[in-house]
Amino acid sequence: MMKQLFPIKHVAGYISSLVLSAVALVVLLDMPAPTKMVILLVTATLQAAVQLLLFMHAGESEDKKSVYINIAFALFVGLVTIFGTLFIFVWGWYA
């Protein structure tokens, strides 16, 4: 009975979030910039997956398809915003 009451998934998610945050701190070490970016992108992606699946309960709703469509749309809007900003401010692409 007590095993059912203890939120082991949430504790594991919390610990993995802390570990991923600590791993991301290796960017403070002296290493090439592309290596730092790869480490940050991988840890950020894993961190987002942990947050979505464990703490925001993305896979627990009855209509999983709409949840994942909304996540994909949010990623699309975020990427368009990021790359649109880079095109305009960094790469000098004006309309």
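In what follows, the structure referred to is the one given above.
A quick note: this is a predicted structure, and the numbers were derived from the prediction, not measured.

> Let's hear about the overall build of the protein chain: which residues, and what values?
Each helix and strand counted, the protein chain has four helices and zero strands in total. Over its C-alpha trace the protein chain gives a radius of gyration of 18 Å, far above what one expects of a compact globule, namely 12 Å for 95 residues. Expressed along its principal axes, the backbone C-alpha trace of the protein chain runs to roughly 60 × 40 × 15 Å. Counting the 95 residues in the protein chain, one finds 9% classified as buried. Long-range pairs, those at least 24 residues apart, make up 43% of the contacts in the protein chain between residues at least 6 apart in sequence. Split by element, the accessible area of the protein chain, about 7,900 Å² in all, is 77% carbon and sulfur.

> Can you tell me about a nonpolar patch on the surface, naming the residues and giving the values?
Taken together, the side chains of L79, I82, F83, F87, I88, F89, V90, W91, W93 and Y94 make up a nonpolar region of the molecular surface, amounting to roughly 1,200 Å² of accessible area. Within the fold, W91 resides in the segment after α4 (64-90).

> Tell me about the environment of L52, and please be specific about residues and values.
Position of L52 relative to the elements: it lies in helix α3 (residues 33-55). Exposure remark for L52: the relative accessible area of 26% places this residue in the partly exposed category. C-alpha separation for the pair L52 and N70, spaced 18 residues apart in sequence, amounts to 12 Å. When near neighbours in sequence (up to four residues on either side) are disregarded, L52 contacts H57, A58 and I71.

> Got a sec to walk through the environment of L18? Specific residues and values, please.
For L18, the position within the fold is in helix α2 (residues 8-24). Taking relative accessible area as the criterion, L18 reaches 47% and is therefore assigned partly exposed. Between the C-alpha atom of L18 and that of Q47, which follows or precedes it by 29 residues, the distance is 9.3 Å.

> Got a sec to walk through the packing of aromatic side chains? Specific residues and values, please.
Under the definition given, this model contains one aromatic pair. A centroid spacing of 5.3 Å and a plane angle of 55 degrees characterise the contact between F87 and W91, whose relative ring orientation is tilted. On the accessibility criterion, F87 (35% relative accessible area) is partly exposed.

> Tell me about the side chain of S17, and name the residues and values.
Structurally, S17 is set in helix α2. The residues contacting S17, other than those within four sequence positions of it, are Q47, V50, Q51 and F55.

> Before we move on, can you summarise α4 with the specific residues and values?
With 27 residues, α4 ought to run about 39 Å at 1.5 Å a step, and its terminal C-alpha atoms sit 38 Å apart, in line with that. Just downstream of α4 lies G92, where phi reads positive at about 70 degrees.

What counts and what doesn't
- Residues numbered from 1 in each chain as written.
- Predicted model: local features only at pLDDT ≥ 70, side-chain atom pairs only at ≥ 80, totals over all residues.
- Heavy atoms only, no water.
- Helix = DSSP H or I, 4+ residues; strand = E, 2+ residues; numbered from the N terminus.
- Rg over C-alpha atoms; globule rule 2.2 N^0.38 Å.
- Buried < 20%, exposed > 50% of the residue type's maximum accessible area, 1.4 Å probe, protein only.
- Contact = heavy atoms within 4.5 Å.
- Areas by Shrake-Rupley, 256 points an atom, 1.4 Å probe, with all protein chains shown as cover.
- Patch = residues over 30% accessible without salt bridge, like charges linked within 9 Å, V, L, I, M, F, W, Y side chains within 5 Å.
- Salt bridge = Lys/Arg side-chain N within 4 Å of Asp/Glu carboxyl O.
- Phe/Tyr/Trp six-rings, centres within 6.5 Å; stacked < 30°, edge-to-face > 60°.
- Expected span 1.5 Å × (residues − 1).

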